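What follows is the residue order along each chain.
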Amino acid sequence: MKKYILILLLFLVLTTRANDDNNRYFEIAKNLEIFTTLYKELNYNYVDEIDPNKIMTDGINKMLEGLDPFTNYITGADIDEYRLQTTGKYGGIGARIGRQDGLVMITEPYEGYPAQKAGLQAGDKIIEIDGKSCKDYSPDEVSELLKGEPNTPLSLKVIKAVTNKEASYTFNRAEIKIKNVPYFGMLNNNIGYMKLESFTENAGKEVQDALKDLKAQGAKGIVLDLRGNGGGLLNEAITICNTFVNKGINIVSTKGKVTDYNVDYPTLADPVDVNIPLVILTDGGSASASEIVSGSMQDLDRGVIIGQNTYGKGLVQITKPIAYKSQLKVTISKYYIPSGRCIQRIDYSHRDDDGNANAVPDSLRKSFKTKNGRIVKDGAGIEPDIKMESHQWGIITATLFRDYFIFDYANKYFVEHPTLRDGNKFKLTDAEYDDFVNALKGKDYDYTTYSEDALAELKKDVQKDSVSASVMSLINDLEQKIKHDKEQDIYKYKNEIKQLLQQEIVSRYNYEAGRIENALQSDEEVKKAVDILSNTGEYHKILGINN
């Protein structure tokens, strides 16, 4: 009898599932027919001509909008940009570009690539490409014209920075490979540092090569900087973990609706060094592959995490070809790091009445244990072992940087100083800072402070209430005092403005690597990392290692 009951139950389950599948397939077919018919009617009857590519792309993007922000439609026109994000390679001149005074300009040439070799410099404004004026072009439009097959010729006419003289250049494009590790070096006699900016192809090898080089220089501890690194390829994250842990350790498990996507990702090769003390720096911009590396090292008690909470992206995407070179980047699973936790912060499967997806509430976050028994939690990115406040730039500092005043002074300094004293350790003197302040005179770098905003709101409320003239007089006096204080901001925030000036100036001589090394001199999180790596007892205590 039990045997027959089980058979009957199985039959009912299979029948129900078959009916559900049939209903689902019917709904899909019905809605596809509605969509196709609506599109045809719209195309035929609408009063104006319809751009079929735009209306279809808009429709697809709106459909995907209700899922998560990582599931995207990649058109054939955008496929090259997507490949750049995953491979780090493209054909072009090798330079970052931006916009100033209505013109697109070089903001930083990459060392060793065509733009830099030809003599193009930061601040050079591009006015012609292959004899065609591009004065009204956007940075995206100029970027498209600069890119092309390696070894194809390109001619540029620019307005040189500082001198404002026109100059022409002709050279060939090349294959540009953006470095995952743009800088590594020694912080002192014992501690090595490496900056990992992305997880494109060969990121793992670049980290391993950097580690070997640093060890050869005498490194007895390593700082791996993942701040601002938004992630990339999963396999490169596994390789980087494998640099510091033994072969055969599971780093990530992925789980999704389709069982084929449920995969374990163990380390596959012999490590470089499983014992060298390790500190990893993170912030809110550390996401995806950065969280796999930092989270796995935390779960395995292999390294100390310092900084701020990471982004919280615990989702995995793959690309599927659609048609006509277009692709769908689709989220297929969640990933789980060695302790068993998923660090996904936002729950996209449940939305509030306004359609917003919200963070996983603290009450639903679960606790897990690291290899040594330390408590860690899921649902909110990677929480550092040592939390540090992120630096908040003064409004004046942000304004001077954003509006290119710091950038322009670096160009001026470069023209006036053929060589840079002290190399990447360069520091601006007080006299040079005064020169920068003088260079700002007569220039519009106005900004609004928080106090001014608050006072403006108060003034509006007071005027509505028709209060006495004496109250308004006090407010006006306060406005003048704030204005006076604001004029002193250029010296109040001198130290941090000097830091950005130094970094920008050094980059004119030694490019991105120089900028990164110069910034290390004033980096409080790097200093904390050195302290921890220099104190074996404290390092072991944080990781729960019994001496």
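Residues numbered from 1 in each chain as written. Predicted model: local features only at pLDDT ≥ 70, side-chain atom pairs only at ≥ 80, totals over all residues. Heavy atoms only, no water.

## Some words on the overall build of the protein chain
Scanning the protein chain from N- to C-terminus turns up 17 helices and 23 strands. Evaluated residue by residue, the protein chain yields a buried proportion of 42% over its 547 residues. The long-range share in the protein chain, meaning contacts at least 24 apart out of those at least 6 apart in sequence, stands at 68%. Approximately 30,200 Å² of the protein chain is accessible, and the part contributed by carbon and sulfur atoms is 52%. (Helix = DSSP H or I, 4+ residues; strand = E, 2+ residues; numbered from the N terminus. Buried < 20%, exposed > 50% of the residue type's maximum accessible area, 1.4 Å probe, protein only. Contact = heavy atoms within 4.5 Å. Areas by Shrake-Rupley, 256 points an atom, 1.4 Å probe, with all protein chains shown as cover.)

## Points about the pattern of salt bridges
Going through the model one piece at a time under the given rule, you end up with 30 salt bridges. The shortest N-O distance in the salt bridge between E108 and R515 comes to 2.6 Å. Of this pair, E108 sits in strand 4 (residues 103–109) while R515 sits in helix 15 (residues 494–519), placing them 407 residues apart in sequence. A salt bridge links D362 to R365; its shortest N-O distance comes to 3.7 Å. The class for D362 is exposed, based on a relative accessible area of 61%. Since its relative accessible area comes to 14%, R365 is described here as buried. (Salt bridge = Lys/Arg side-chain N within 4 Å of Asp/Glu carboxyl O.)

## Remarks on unusual backbone geometry
In this structure, N202 is a non-glycine residue whose phi angle is positive, near 75°. By relative accessible area, which is 40% here, N202 ends up partly exposed.

## A few points about the sheet that holds strand 12 (residues 221–225)
As summarised here, the arrangement of the six strands in space is 10-11-12-15-16-23, forming an open sheet in which the pairing is mixed. The outermost strands of the open sheet, each flanked by one partner alone, are strand 10 (183–186) and strand 23 (386–387). Where helix 8 (residues 289–299) meets the sheet, its contacts fall on strand 12, strand 15 (278–282) and strand 16 (304–307), and the angle it forms with strand 15 comes to roughly 140°. (Pairing = 2+ DSSP bridges. Axes fitted to C-alpha atoms, helices over the stretch in contact; angles between N-to-C directions.)

## Looking at the nonpolar core
Judged by nonpolar contacts, the single largest core of 56 residues is most densely connected at M194, V293 and M297. For this core, the element with the highest residue contribution is helix 7 (residues 234–244), accounting for six residues. In this structure M194 touches V181, Y183, F184, V207, A210, L211, L214, I222, V223, L224 and D225, once residues within four positions along its chain are discounted. Ranked by size, the runner-up nonpolar core spans 22 residues in total, among them F405, A410, V437 and V506. (Core = buried A, V, L, I, M, F, W, Y, C linked by side-chain atoms within 4.5 Å.)

## Digging into the packing of aromatic side chains
Per the stated rule, a full pass over the model turns up nine aromatic pairs. Here Y183 and Y193 contribute two aromatic rings whose centre-to-centre distance is 6.2 Å and whose plane-to-plane angle is 40°, an arrangement assigned as tilted. With Y183 in strand 10 and Y193 in strand 11 (residues 191–195), this residue pair connects regions lying ten residues apart in the sequence. Given a relative accessible area of 1%, Y193 falls into the buried group. Arranged with centres 5.9 Å apart and planes meeting at 50°, the rings of Y433 and F436 form a pair that is tilted. Taken together, the residues Y433 and F436, both in helix 11 (residues 430–440) and three residues apart, mark about one turn of the helix. (Phe/Tyr/Trp six-rings, centres within 6.5 Å; stacked < 30°, edge-to-face > 60°.)

## Topic: the pairing of strand 8 (residues 166–172)
A regular strand places its side chains so that they alternate between the two faces of the sheet. Because side chains alternate across strand 8, one face comprises the buried residues A167, Y169 and F171, and the other comprises E166, S168, T170 and N172, none of which is buried. Examined bridge by bridge, strand 7 (residues 153–159) and strand 8 share seven bridges and lie antiparallel to one another. For I159, the partnering residue across the bridge sits in strand 8 and is E166. The turn linking strand 7 back onto strand 8 is made up of six residues, and V162 within it adopts a positive phi angle of 70°.

## Topic: helix 11
Of all the residues in helix 11, the buried ones are E432, Y433, F436, V437 and L440. Along the long axis of helix 11, the arc covered by the buried residues comes to 150°, so they all point the same way. Next to the buried residues of helix 11 lie helix 9 (395–402), helix 10 (405–416), helix 14 (489–492) and helix 15. Directly beyond the C-terminal end of helix 11, a positive phi value near 85° is found at G442. (Arc of directions from axis to C-beta.)

## Digging into helix 15
The end-to-end C-alpha distance of helix 15 is 16 Å, clearly below the 38 Å that 26 residues give at a rise of 1.5 Å each. The largest bend in helix 15 is about 140°, located at N510. Counted residue by residue, helix 15 has 21 buried out of 26 residues, so it is predominantly covered. (Expected span 1.5 Å × (residues − 1). Bend = angle between axes of the 7 residues up to and from the residue.)

## As for a nonpolar patch on the surface
Among the surface-exposed residues, L38, L42, Y46, V47 and I55 lie close enough to one another that they form a single nonpolar patch of about 470 Å² accessible area. Structurally, V47 can be placed in the loop between helix 1 (2–45) and helix 2 (52–65). Overall, V47 belongs to the exposed group, its relative accessible area being 71%. (Patch = residues over 30% accessible without salt bridge, like charges linked within 9 Å, V, L, I, M, F, W, Y side chains within 5 Å.)

## Remarks on the side chain of D523
Along the chain, D523 falls in the loop between helix 15 and helix 16 (524–533). A relative accessible area of 15% means that D523 is categorised as buried. A polar side-chain atom of D523 sits 3.1 Å from the main-chain amide nitrogen of E525. Polar contacts involving the side chain of D523 include one to the main-chain amide nitrogen of V526, which spans 3.2 Å. (Polar contact = N/O pair within 3.5 Å; in protein donor to acceptor, adjacent residues only side chain to side chain.)

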